[in-house]
Amino acid sequence: MGKGLFITFEGADGCGKTTQMNLLAEYLKKENIPFILTREPGGKGLGEKVREILLNYEGPVSDRCESFLFLADRAQNIDIIVNPAVEKGKIVLCDRHIDSTVAYQGYGRGLDIERINMLNDIATNGKKPDLTFVFDIDVETSMKRVGTEKDRLESAGIEFHNRVRNGYLELAKQEPKRIKVLDATKSIEEIHKQVIEIFTSLIS
Ligand code: TYD
């Protein structure tokens, strides 16, 4: 079997990326294309334990510690889940990945982007997604969608989330071939159609 593909879903909290990832998964199932789903932080086993700390820990968390936890989870996800599946010819759909760390810890928290790129490179052992969807949404709409029950990162404030959004757009400008920006305020069906178009043009 040929090599699979690694596709990531990115964007602000409440942008609808998880919904779109699940819709693409349904499409792949219908088409009998082998795939798996994973997410960062999380995935399974140890990754889910790291996720629990990252999202719910209530004491102070240093920005660098936060970054290292995301990166540790990433290394685990790549080695234990993503690479083995891609090697078997599967399509791996991953909810958040390297670009989240650049957008949130880099642009959002203000950590040095060059260093984050370097650390991402170490965490992934140089692997990059074949395709990345960024679901772009204004902060006001995304915060409305998230509602009042916010986790630690969702509670970081409007300015923070504006920087995150701009970070994603900046990344897409730098890597237009890999990163496709979609308007996340459109209807679920409309966005799904665009996702399928981009996906099929990649595999054909
Ligand atoms: P997500 O899975 O989208 O949260 P939820 O399922 O609750 O919508 O992402 C978890 C949070 O972690 C999200 O606020 C973004 C943040 N995050 C970072 O700050 N850096 C990272 O590298 C990653 C992967 C996520």
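Shown above is the structure to which this text applies.
Reading guide: rules and limits
Residues numbered from 1 in each chain as written. Predicted model: local features only at pLDDT ≥ 70, side-chain atom pairs only at ≥ 80, totals over all residues. Heavy atoms only, no water. Helix = DSSP H or I, 4+ residues; strand = E, 2+ residues; numbered from the N terminus. Rg over C-alpha atoms; globule rule 2.2 N^0.38 Å. Areas by Shrake-Rupley, 256 points an atom, 1.4 Å probe, with all protein chains shown as cover. Contact = heavy atoms within 4.5 Å. Core = buried A, V, L, I, M, F, W, Y, C linked by side-chain atoms within 4.5 Å. Buried < 20%, exposed > 50% of the residue type's maximum accessible area, 1.4 Å probe, protein only. Salt bridge = Lys/Arg side-chain N within 4 Å of Asp/Glu carboxyl O.

Asker: Could you give an account of the overall build of the chain, with specific residues and numbers?
Answerer: Counting secondary structure elements, the chain contains eight helices and five strands. Scaling as 2.2 N^0.38, a compact globule of 204 residues should have a C-alpha radius of gyration of about 17 Å, and the chain matches this with 16 Å. Oriented by its inertia axes, the alpha-carbon framework of the chain measures out at about 45 × 35 × 30 Å. Working note: accessible area of the chain is about 10400 Å², and carbon and sulfur atoms make up 52% of it.

Asker: Describe the side chain of Lys-17, listing the residues and the values that go with them.
Answerer: Within the secondary structure, Lys-17 sits in helix α1 (residues 17-30). When neighbours within four sequence positions are excluded, Lys-17 is seen to be in contact with Phe-9, Glu-10, Gly-11, Asp-95, Arg-96 and Phe-135.

Asker: So what's going on with the nonpolar core? Which residues, and what values?
Answerer: Counting 23 residues, the largest nonpolar core has Ile-7, Phe-9, Leu-24, Leu-93, Phe-133 and Phe-135 as its most contacted members. Going through the elements one at a time, β1 (5-11), α1, β3 (91-95), β4 (131-136) and α8 (188-203) are the ones with two or more residues in this core. With 16 residues, the next largest nonpolar core counts Val-102, Tyr-104, Leu-171 and Ala-172 among its residues.

Asker: Any chance you could break down the pattern of salt bridges for me, citing the residues and the numbers?
Answerer: Scanning all chains against the criterion turns up 13 salt bridges. Ionic pairing is found between Arg-39 and Glu-48, a salt bridge with its closest N-O pair at 2.9 Å. On the basis of relative accessible area, Arg-39 is assigned to the partly exposed category, the value being 32%. In this structure, Glu-170 and Lys-173 form a salt bridge, with 3.8 Å as the shortest nitrogen-oxygen distance.

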